[in-house]
Structure formats: C-alpha cells, structure tokens
Amino acid sequence: KPALHARRTWFSTTTTDSPQNSTSPRVGGVPFLGSGYSGCFTSDVVIHVAFWALLFLWLRIFMFPTRSFTYSNRVVSIVHAVVSFAMCSRCLFAVDVNKDGSLKWFSDFGRDTTRCQHNTLIVSMSYFIYDTFGVLLETGVGPVAIARNLPEHLHHVATIAGLMVGVYGRTSGAELTMLLHKLH
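Okay, so let's go over this structure. (Residues numbered from 1 in each chain as written. Predicted model: local features only at pLDDT ≥ 70, side-chain atom pairs only at ≥ 80, totals over all residues. Heavy atoms only, no water.)

### Observations regarding the overall build of the chain
Stage number 1. Within the chain, the regular secondary structure consists of six helices and six strands.
Stage number 2. Taken over 184 residues, the chain has a buried fraction of 38%.
Stage number 3. In the chain, the share of contacts with a sequence separation of at least 24, taken over all contacts with a separation of at least 6, comes to 65%.
Stage number 4. Summed over its atoms, the accessible surface of the chain is roughly 10300 Å², and 67% of this surface lies on carbon and sulfur atoms. (Helix = DSSP H or I, 4+ residues; strand = E, 2+ residues; numbered from the N terminus. Buried < 20%, exposed > 50% of the residue type's maximum accessible area, 1.4 Å probe, protein only. Contact = heavy atoms within 4.5 Å. Areas by Shrake-Rupley, 256 points an atom, 1.4 Å probe, with all protein chains shown as cover.)

### Digging into the environment of Ser-84
Stage number 1. You can see Ser-84 is positioned in helix 2 (residues 69-92).
Stage number 2. Between the alpha carbons of Ser-84 and Val-123 there is a distance of 7.4 Å; along the sequence they are 39 residues apart.
Stage number 3. In terms of polar contacts, Ser-84 uses its side chain to reach the side chain of Ser-124, at 3.2 Å. (Polar contact = N/O pair within 3.5 Å; in protein donor to acceptor, adjacent residues only side chain to side chain.)

### Quick notes on the nonpolar core
Stage number 1. With 22 residues, the main nonpolar core has Trp-52, Val-76 and Tyr-130 as its most contacted residues.
Stage number 2. Of all the elements in the fold, those that place two or more residues in this core are helix 1 (41-63), helix 2, helix 3 (115-139), helix 5 (150-168) and helix 6 (173-183).
Stage number 3. Other than its neighbours up to four places away in sequence, Val-76 contacts Trp-52, Leu-55, Phe-56, Leu-59, Tyr-127 and Tyr-130. (Core = buried A, V, L, I, M, F, W, Y, C linked by side-chain atoms within 4.5 Å.)

### Considering the packing of helix 2 against helix 3
Stage number 1. Orientation of helix 2 relative to helix 3, taken along the N-to-C sense of each, is 165 degrees, at an axis distance of 10 Å. Here helix 2 is positioned roughly antiparallel relative to helix 3, judged by the angle of their axes. For the pair helix 2 and helix 3, the sense of crossing is left-handed. (Axes fitted to C-alpha atoms, helices over the stretch in contact; angles between N-to-C directions. Parallel < 35°, antiparallel > 145°, perpendicular 65-115°, else oblique. Left-handed = near helix turned anticlockwise from the far one by under 90°.)

Below, the structure written as structure tokens:
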C-alpha cells in the first residue's frame, strides 16, 4: 500500500495516497503555476487595481467624507498591509511534509511560484500600481512635482518591477513573498 502524503492545496490541507494524484502540477508538494496555468495575469492585476481604487472611493465618499485625500489613502495602505501580511504568512508558514514525514519550512526557494505566492504577489503589485496613481494625483504629474517626490516614485517603480518578476516570470515567489512579509 502506498504511503499517505499530506499536501496543501489553495485553502486546505488534505491527505491523498500519492502526490501525483493532483490535477495541478506540484513542486515540493505544493501546487504551482507551471506551464499549464491558463489564467490571464494582466486581467487579474486590473481587477485588483480596480478593487483598491474602489475601496479608496468608498472610504473617501462614504466613510470619511470630511477627511483628506491622504487620510483615505493611508487607510487603504493599512488595509493592504494587513491583507498582505496575512497572505504572506499563509504562504510562508504553510506546512510541507518530506517523504519521511518530517516537516520542511520555506521549501520553495528557487522554484516556480506557487498559486498562493502568485495571488499574494498580484494583490501587492496591484496595490502599488494603485498607490502610484494615488501619489501622482496627490503630488502632481509635472516634472517639478515628480522630481520633488523622486524617492517615493522610485520606490513604487522598483517595487512594481520586482513583483512583476514573480508574477510574469513565474519564479522567485518564495523569496518575494518573504521580502513582502519582512517589509510588513
């Protein structure tokens, strides 16, 4: 009789008689995107950017109509920090089991991005795209305004570029997720 292997899916841990019985490709017992992933990354990003923008509008119009633009934007930033921290924690501290039954932590370094990591990276990248537009609206889009806030603009551009590596390159998800976790 084959040994039972614990495997983690998107939202649960289940036990099967073999890790190969899964319909999705697996790396280290964890489902990963691989070449069989048929999702459209760009539409996922657009949907999440729209979510952050709608959250801002809802906060600005209904929750804090007398507060400033910056106040509502900071509330969205706090929501992103909490959501991103929870998503990163779930990806990083998910238990993976070796063949001998021992636990292994952070087993995905240098491997393809798992779905959990991919979703986390998309949520954070979408937030940074939203926040880039928020900063531009708040500070202005002229050359003088951009030069005055250059460190903040470079921070957003560098973060978006780094997260794009994990989302579109489908690699380094564990490393990027750990970096996001550390930043929050």
